[in-house]
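# Observations on chain architecture
The lines below spell out each chain.
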Amino acid sequence: MEVIGMALSPCCTELDENGRELNAHGTAAFPVACYHDKLEIDPVPWHWHEELEVLVVTEGTVLAAAGGEKCALPVGDGIFINAGVLHADWQASAVPCRLRSMVFHPRLVGGSADSVFWQKYLQPLLTDPTRPCAVLHREIPWQRQALEAMEQAYRAVVNEVPGYEFRARAALSEMIWQLVTHAPSARPIPKKALRSADRIKRMLQYIQDHYAEDVSVDQIAASASISASECLRCFHDMIGTTPNQYLRDRRAQRAAELLCGTGLSVTEIAGQCGFQDGSYFARSFRQVYGCGPTEYRRKARRAGAV
């Protein structure tokens with residue numbers, strides 16, 4: 001994770017019991033934070049948060065998933081993600097992959113709940129189930145304007161120039177205006193999909209709470225009061241994987257965090273992350289990250305991630 005400037009933060013995603021991100025994005029007084037992710041080191045796992053998010057690709061191609069859709073984003077393109085929407089990001093190929101993102105609370109732009117900004121613009125966007133996200137292509141004029149506004153806000157926050165809070169809020173307001181006035185609504189989301197989204201959040205909660213234990217599909221399904229077969233369908237439809245694959249990936253992602261952030265041995269990390277067999281840990285980790293745990297730690301250190 002590259003850190004540039006006082007206000008640019010490493011994005012190490014931690015989730016609460018609901019699968020919601022725990023990271024504090026900015027402060028209560030200025031609820032916005034900027035991140036620069038290296039996806040070949042740290043893919044962004046499935047998660048959700050109450051804040052809005054917008055990201056732009058700066059190197060490579062990003063595979064972004066949000067609101068049940070997946071898209072490959074080349075350099076210069078980006079995506080806006082609405083509040084409460086499950087999303088994740090990965091590198092689309094073996095080449096280095098970078099993105100810049102801003103995560104900010106809607107009140108930064110909307111103000112109080114009784115303001116015209118909130119009632120006329122933010123509230124309709126936040127409560128519209130047909131707008132979980134909006135892909136932003138640089139060659140489309142209004143989308144380019146939205147991306148440029150995001151980049152203006154990003155530079156203001158990272159550089160902390162005098163009055164940067166005003167500059168960032170104004171630029172993000174312009175971006176929201178472009179989205180509200182131009183971004184088309186998607187097709188109405190079926191009630192079944194909304195129900196599945198609620199179920200997947202509860203099942204991600206269970207995995208987050210118990211990933212270090214011996215977890216079965218039946219237990220994951222029971223956490224959402226559904227059958228094992230419905231659990232499999234829900235994972236497939238909502239995040240394109242199986243419960244066991246997600247569990248493996250979550251364990252591997254936690255192991256990667258410990259490899260970068262601690263001096264624990266590989267064996268200790270394997271045990272803490274629910275891998276009771278060292279060879280299975282090494283094999284699973286390689287399937288997720290393309291290299292073994294020891295090599296990953298060495299690469300991360302060379303890249304300045306620790």
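First, a word on what this report is: a plain description of the structure on this page.

## Quick word on the layout of surface pockets
The volume enclosed by the second largest pocket comes to roughly 760 Å³. Every element with two or more residues in the lining of the second largest pocket is listed here: β3 (44–47), β8 (87–91), α8 (243–261), α10 (278–289) and α11 (293–302). Counting residues per element, the lining of the second largest pocket draws most heavily on α8, which supplies six residues. Among the residues making up the lining of the second largest pocket, the classes are represented as 19 nonpolar, seven polar and six charged.

## Here we look at the pattern of salt bridges
Within this structure, the stated rule accounts for ten salt bridges. For E151, the salt bridge goes to R100, with nearest N and O atoms at 3.7 Å. Note that E151 is positioned in helix α3 (residues 141–159) and R100 in strand β9 (residues 98–104), a separation of 51 residues in sequence. Overall, the relative accessible area of 24% leaves R100 in the partly exposed class. One continuous salt-bridge network, built from bridges that share partners, spans R199, E230, R233 and D237.

## Side note on helix α2 (residues 116–126)
Considered for burial, the residues of α2 that qualify are W118, L122 and L125. Take α2 and look down its axis: the buried residues cluster within an arc of 105°, on one side only. If you follow the buried residues of α2, they end up packed against β4 (52–59), β7 (78–81), α1 (107–110) and α4 (164–182).

## A short note on the environment of P132
Here P132 is to be found in the loop between α2 and β10 (133–136). By relative accessible area, which is 14% here, P132 ends up buried. Taking the C-alpha atoms as reference points, P132 and S185, separated by 53 residues in sequence, lie 9.0 Å from one another. Filtering out sequence-adjacent residues up to four positions away, P132 remains in contact with G67, F80, I81, N82 and V85.

What counts and how
- Residues numbered from 1 in each chain as written.
- Predicted model: local features only at pLDDT ≥ 70, side-chain atom pairs only at ≥ 80, totals over all residues.
- Heavy atoms only, no water.
- 1 Å grid on protein atoms, 1.4 Å probe; cavity = no way out; pocket = protein on both sides within 12 Å on 5 of 7 lines; lining within 4 Å.
- Points joined across faces, edges and corners; volume = space filled by probe spheres on them.
- Helix = DSSP H or I, 4+ residues; strand = E, 2+ residues; numbered from the N terminus.
- Nonpolar A, V, L, I, M, F, W, Y, C, P; charged D, E, K, R; others polar.
- Salt bridge = Lys/Arg side-chain N within 4 Å of Asp/Glu carboxyl O.
- Buried < 20%, exposed > 50% of the residue type's maximum accessible area, 1.4 Å probe, protein only.
- Arc of directions from axis to C-beta.
- Contact = heavy atoms within 4.5 Å.

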